[in-house]
Amino acid sequence: MVENSVKYSNLEESPEFSKLEVRNLDVYYKSRRILKQINFSANKGEFIGLIGANGSGKTTLLKAVVRILKPEDGCILFDGKNIIRMSTKEIAKNIAVVPQSISINFDFTVEEIVLMGRTPYINSHEKIDDIKIAAQSMKHTNTYHLKDRLITEISGGELQRVVIARALAQEPRILLLDEPTSHLDLKYQIEILELLKSFSRKGLIIIAVIHDLNMAAYYCDKILLLKTGAISSIGSPQQVLTANNIGHAFGIEVQIENNPLKNFLFVFPKLKT
Amino acid sequence: MIIAIAIGSTNISPEVVTKILLYEFISIDKTWNPSYEVIIKDIRLPRALLGALVGAALSAAGCAMQGLLKNPMADPYIIGISSGAAVGASLAFLLFLPVQIISFALAAISIFVVYSISKVGSKVLVDTLLLSGIAVGSFFGAITYFIIYISGTPHQVIFWLMGGLWTADWEKVKISAIMILFGIFMIYKQGWNLNVMLLGEEQAFNLGINAEQVKRYVLIFASFITAAAVSVSGIIGFVGLIIPHFMRILVGPDHRILLPSSTLAGAIFLVFSDTLARVIMQPVELPVGIITALFGAPFFIYLLRKRRKNFHG
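Numbers given for residues are sequential positions, taken from 1 along each chain in its written order. Starting at A for chains and at 1 for ligands, labels are handed out in the order in which the entities are written. Totals for whole chains, interfaces and linings use all residues, but because this is a predicted model, local features are given only for residues with pLDDT of at least 70 and pairs of side-chain atoms are given and counted only at 80 or more. Computation of side-chain values: all heavy atoms of the structure, hydrogens and water removed.

J.: I tried to follow the environment of N123(A) on my own but got confused; where do I start?
T.: With respect to the helices, strands and loops of the structure, N123(A) is situated in the loop between α4 (110-115) and α5 (128-140). In the structure, N123(A) is positioned 103 residues away from L226(A) in sequence and 39 Å away in space, judged by C-alpha atoms. Secondary structure elements are defined from DSSP: runs of H or I of at least 4 residues count as helices, runs of E of at least 2 residues count as strands, and each element is numbered from the N terminus.

Here is the structure:
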């Protein structure tokens, strides 16, 4: 196990095969049906953008994938294995989450926080391998220089990268991120998305909730548009981000400009004035 | 420790204390007054040991509770243990039953009640846990006062409520040593998990920790050692609240270091406080609970002023 973990911590060598399949997923919160018959699959190296209006079920979908919420109907398969039958540790070794709002009020150092990503692999004390893997993750996210700083004293953009480093330290095959760029300025947004893109090129499956449609269009391989708990459309950015689809899902009129030469798409709301 | 044993209404020099303590293990000439030996072995030593155990238990439990509930105001009594134990003690005094056993039992019952109230399905909700702790606490508090009110001789109960170690004897030391050391050891094993739990339950779950299981485990053992402590010492306040805070500032939030250092500091602090309690108004002895609060409260306020941001802004 240790051998294996050191090997692909540096993202050079991911397993040949990893796949996430979501089949006929229905999730309820109390008696309210939040997700309706969700069907999609994600393959190795795919960067999927999850978009949709507030309350359309994006976060719920992410929570279902890591089993924080249990589906009423349907199933989620990881490499063909139903996640309901996987242990909490096994899930944590394969699927990592970067949550929406992060606040850590305790004076842990950055390195200690990143080491917590090793939790599924260790019992009570970290070993040298764990420290190495944590260091690798920090280097990948450009946070290694912060390692002795206190987590309570770094900036929002740095914190976001530290939490991504923690997720990488889990050595996952799937990385789920809930609005990883929402609280960041433009520079950090691009930095984070570039980072995620590079991870996906190394084989990680990335599913991220992204509010900025233009960023999603530019960085994601596939876009999944949710409307009131159901998939309204799924496919390449060009296929999904049409004026019609967006108008339908968000209830606003938009103009789309397509620049096929630069593979660039620009969504702009039609303003009244 | 030796000095704490040495000081008292009969002052015995630390040197003699050391000799008496070592006499069991190595041969030293008996040069001391034989009554000293009785005072040391049968009164002061068990009392100091019990103080150390109780201090260790309260401090470790407080530390675990604060981490688990992510609440700076959490102490070992927060989920109603003390009030349950108080009902037990007052009943025991009223009906001449063994205080230790009855108060332990009632403490256990109160934890069970609080725990059951806050359990929804398989989950324990932290906010509900705190609130139901307060509610059950005041309910049991009312019962205690009722019992005190109807009993003719309330003094014993009131002394008990203030917390003290004057009932220490070897038997109590043995029983509580087994319970407390075992409980503390079990909590230590959760050090890493407690660290991760500080990130929040969902994140802990994403990192492969069965949050509900850890919560249940820590609650049970923290309550267990608290009940063991309270049943021999009454309600000694502030140790379980300030010592973990103080140590968190000194050694940081890593429970693998914080728990042992809080345990040690709690033990030292209570032995020290108890020594003061014995001598400060000689020959009258004060309940040690008064000393801990008298020292603890101002010190805590000082810490609050100094390090506001340390624990939740």
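J.: Mind showing me how you'd approach the interface of chain B and chain A here?
T.: You'll often see interface size given as the accessible area lost when the parts meet. Should any heavy atoms of two residues lie within 4.5 Å, those residues are counted as being in contact. With 21 residues of chain B at the interface, the matching set in chain A holds 30 residues. Summing both partners gives a buried area of about 2400 Å² for chain B against chain A, and 60% of it is carried by carbon and sulfur. On the chain B side of the contact with chain A, W192(B), N206(B) and L207(B) bury the most area, a combined 29% of that side's loss. Salt bridge criterion: a side-chain nitrogen from Lys or Arg within 4 Å of a carboxyl oxygen from Asp or Glu. Where chain B meets chain A, there are two salt bridges. Between K63(A) and E202(B) there is a salt bridge, with the nearest N and O atoms lying 3.2 Å from each other. For the purposes of these results, a polar contact is taken to be a pair of N or O atoms within 3.5 Å, where, inside protein, one atom must be able to donate a hydrogen and its partner to accept one; residues adjacent in sequence count only when each atom of the pair is a side-chain atom. Here chain B is connected to chain A by five residue pairs in polar contact (both at pLDDT 80 or more). For the side of chain B that touches chain A, the secondary-structure elements that each account for two or more residues are α9 (191-197) and α10 (201-206) of chain B. For the side of chain B that touches chain A, the leading source of residues is α10(B), giving four residues. Side-chain classes follow a simple rule in which Ala, Val, Leu, Ile, Met, Phe, Trp, Tyr, Cys and Pro form the nonpolar group, Asp, Glu, Lys and Arg form the charged group, and the remainder, Gly included, forms the polar group. Along the lines of polarity and charge, the residues of the side of chain B that touches chain A split into nine nonpolar, six polar and six charged. Buried surface area refers to the total accessible area, computed with a probe of radius 1.4 Å, that the two partners give up upon joining, counted for both partners together.

J.: Help me understand the pattern of salt bridges in this model?
T.: Overall, the coordinates contain 19 salt bridges over all chains when judged by the stated rule. Salt-bridge contacts for E90(A) lead to K81(A); the nearest nitrogen and oxygen are separated by 2.7 Å. Between R47(B) and E285(B) there is a salt bridge, with its nearest N and O atoms 2.9 Å apart. Within this pair, whereas R47(B) is found in helix α3 (residues 34-69), its partner E285(B) is found in the loop between α13 (255-279) and α14 (288-306), the two being separated by 238 residues in sequence. Among the residues examined, R47(B) registers a relative accessible area of 8% and is labelled buried. Throughout this description, buried means an accessible area under 20% of the type-specific maximum (1.4 Å probe, protein chains only), exposed means over 50%, and partly exposed covers the range between. With relative accessibility at 30%, the residue E285(B) sits in the partly exposed group. It is possible to trace a salt-bridge network through shared partners that takes in E111(A), K147(A) and D148(A).

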